[in-house]
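Spelled out, the chains give:
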Amino acid sequence: MASPLERLSAGALGWLGGNLDHFDPFAASAGTPTRGRAKAALELALLCHCAARPGGSPDALDGATALVRKLWQHPDLPRLFDEDPAYTSTYGLVFAALAPDGIDGTVCRDTLARLDPGFLSSPGRSAYRRIELRYYADKAGVRHAIEPYAELVPLSPLVALRAAGPGDATGPDGAPLTTPEAYALTHTGFYLGDFGRAVPVLTDGDRAHAEGLVDRMLRHCVAHDRWDLAAELVLTQYILGSDPLRTPSGSAALECLVRAQRPDGAVPGRSAALAAAPSAPPGEFFRKAYHTTLVTALMALAVASPRPS
């Protein structure tokens, strides 16, 4: 009998592979707004990038890998980033950072050449944002003026955040962290730990603090069926050095995600409260389900992989 992790992985990868037309901004059948599909394509590329291991990517990602290789050589894809001015430079940097090996890099080079000259510097940005930009800039091989990680980690959400105490108000459900704080916590872990492929450099005390935050928020997400954050927190728990298959909060989160996963493999939304209705049109269902399903697949692949040395 398949384990919860195996069921999550196989189901999520199967659903993603069966819905690749929705990730292609130029597919006539995609049925979702172009800007949203451009972001979805970037997320699909991240999954393919992170799933690439010395032994090769899972066969279930063959179709996604082929689509990403095609899109990353399409001259019109970066133009779609301009439709969201606040994120144009970020999307362009991520696009270049996630370029598959062996493709014609002309489109990526042209995209990097159009970045705002002041984009890759620190002034006015949070430590979390600087960590994110450094991560993708280093992967893209571009020069930047962002401090080393060693200077950013003490200021980062992993170290600087504090859980709400008695009487502190974070939201209607009494979460230990606000939703933006929780996502900043997980994403910082992703960048410092290369989505499970590296060991983040933290002191023992900082690691213990971060693990405590993750555990508290994860138990809260399980209790409130917040599936997207639950999947991200399980991956963060793994990155920090714990085995989510053996921690009570990690095991509970995996079971929570298994309950949420539909027979076709999709996790239908970021939470039970935001889930797509079973009768939703395909485009609407995709918009609500794809991100959490993709994050679940990414988490499951990472947790099942050998730990980095």
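Heads up: the structure comes first, above all this text.
First things first, this report covers the structure right here in the doc.

### A few points about the packing of helix H1 (residues 4–17) against helix H15 (residues 282–303)
- Put simply, H1 and H15 touch, their axes get as near as 8 Å, and they point 135 degrees apart. Between H1 and H15, the interaxial angle falls into the category oblique. Classified by chirality, the crossing of H15 by H1 is left-handed. For the pair H1 and H15, the contacting residues are Leu5, Leu8, Ser9, Ala12, Leu13, Trp15 and Leu16 in the first and Phe285, Phe286, Ala289, Tyr290, Thr293, Leu294, Thr296, Ala297, Met299, Ala300, Leu301 and Val303 in the second.
- Across the contact of H1 with H15, the residue classes tally to 16 nonpolar, three polar and no charged.

### Considerations on the pattern of salt bridges
- Enumeration over the complete set of coordinates arrives at 13 salt bridges.
- Between Arg262 and Asp264 there is a salt bridge; the shortest N-O distance is 2.4 Å.
- Within this structure, Lys139, Asp194 and Arg197 form a network of salt bridges that share partners.

### Observations concerning the packing of helix H12 (residues 204–223) against helix H14 (residues 248–260)
- Packing of H12 against H14 brings their axes to within 9 Å, and their N-to-C directions diverge by 30 degrees. Compared by their axis directions, H12 and H14 come out roughly parallel. Regarding H12 and H14, the two cross each other, and that crossing is left-handed. Across the interface between the two elements, Asp215, Leu218, Arg219 and Val222 from H12 touch Ser249, Gly250, Ala252, Ala253 and Cys256 from H14.

### Side note on the environment of Leu67
- Locating Leu67 in the fold gives a position in helix H4 (residues 62–71).
- C-alpha of Leu67 to C-alpha of Tyr238: the two residues are 171 residues apart in sequence and 29 Å apart in space.
- Here Leu67 is in contact with Leu20, Phe23, Asp24 and Leu44, once residues within four sequence places are set aside.

### Quick look at the nonpolar core
- If you look at the biggest cluster of nonpolar residues, it comprises 104 residues, and the most contacted ones within it are Phe23, Trp72, Leu93 and Phe195.
- By residue number, the principal contributor to this core is H15, which donates 13 residues.
- Excluding anything up to four places from it in sequence, Phe23 contacts Leu16, Arg37, Ala40, Ala41, Leu44, Leu67, Leu71, Phe286, Tyr290 and Leu294.

### Section: the packing of aromatic side chains
- The full count for this structure, using the stated rule, is 15 aromatic pairs.
- Measuring from centroid to centroid gives 6.2 Å for Trp15 and Phe285, while their planes differ by 65 degrees, and the two rings are edge-to-face. Residue Trp15 is found in helix H1, and its partner Phe285 is found in helix H15; the two are separated by 270 residues along the sequence. With respect to burial, Trp15 and Phe285 carry one shared label: buried.
- On the numbers, 5.7 Å between centres and 20 degrees between planes, the contact of Tyr87 with Tyr91 is stacked.
- The exposure class assigned to Tyr87 is partly exposed, which follows from its relative accessible area of 42%.
- For Tyr91, a relative accessible area of 11% corresponds to the buried category.
- An aromatic cluster is present here, built from Trp15, Phe23, Phe285, Phe286 and Tyr290 joined pairwise through their rings.

### Some words on the state of the cysteines
- Scanning all chains against the criterion turns up zero disulfides.
- Cys48 takes part in no disulfide bond, and the closest cysteine sulfur to it belongs to Cys50, at a distance of 9.6 Å.

The rules behind these values
- Counting of residues starts from 1 at the beginning of each chain's written sequence and follows it residue by residue.
- Where totals are concerned, whole chains, interfaces and linings use all residues; where local detail is concerned, this predicted model gives features only for residues with pLDDT of at least 70, and gives and counts side-chain atom pairs only at 80 or more.
- Calculation of side-chain values draws on the structure's entire complement of heavy atoms; hydrogens and water are dropped beforehand.
- Only the stretch in contact is used when a helix axis is fitted, and all axes are lines through C-alpha atoms; the angle between N-to-C directions ranges over 0 to 180 degrees.
- Helix and strand assignments follow DSSP, with helices taken as H or I runs no shorter than four residues and strands as E runs no shorter than two, numbered in order from the N terminus.
- Relative orientations are named as follows: roughly parallel for angles under 35 degrees, roughly antiparallel for angles over 145 degrees, roughly perpendicular for angles from 65 to 115 degrees, and oblique for any other angle.
- In this scheme, a crossing is called left-handed if the near helix is turned counterclockwise away from the far one by less than a right angle; it is called right-handed if the turn is clockwise.
- Residue contacts are defined here by distance: any two heavy atoms, one from each residue, within 4.5 Å place the two residues in contact.
- Polarity classes work like this: nonpolar for Ala, Val, Leu, Ile, Met, Phe, Trp, Tyr, Cys and Pro, charged for Asp, Glu, Lys and Arg, and polar for all others, with Gly in that last group.
- We define a salt bridge as a side-chain nitrogen of Lys or Arg found within 4 Å of a carboxyl oxygen belonging to Asp or Glu.
- In this text, buried Ala, Val, Leu, Ile, Met, Phe, Trp, Tyr and Cys residues form a nonpolar core when linked through side-chain atoms within 4.5 Å.
- Residue exposure (1.4 Å probe, protein chains only): buried if accessible area is under 20% of the type maximum, exposed if over 50%, otherwise partly exposed.
- Only centres within 6.5 Å qualify two rings of Phe, Tyr or Trp (six-membered ring in Trp) as a pair; their planes then separate them into stacked at under 30 degrees, edge-to-face at over 60, and tilted for everything else.
- We call a pair of cysteine sulfur atoms a disulfide whenever their separation is within 2.5 Å.

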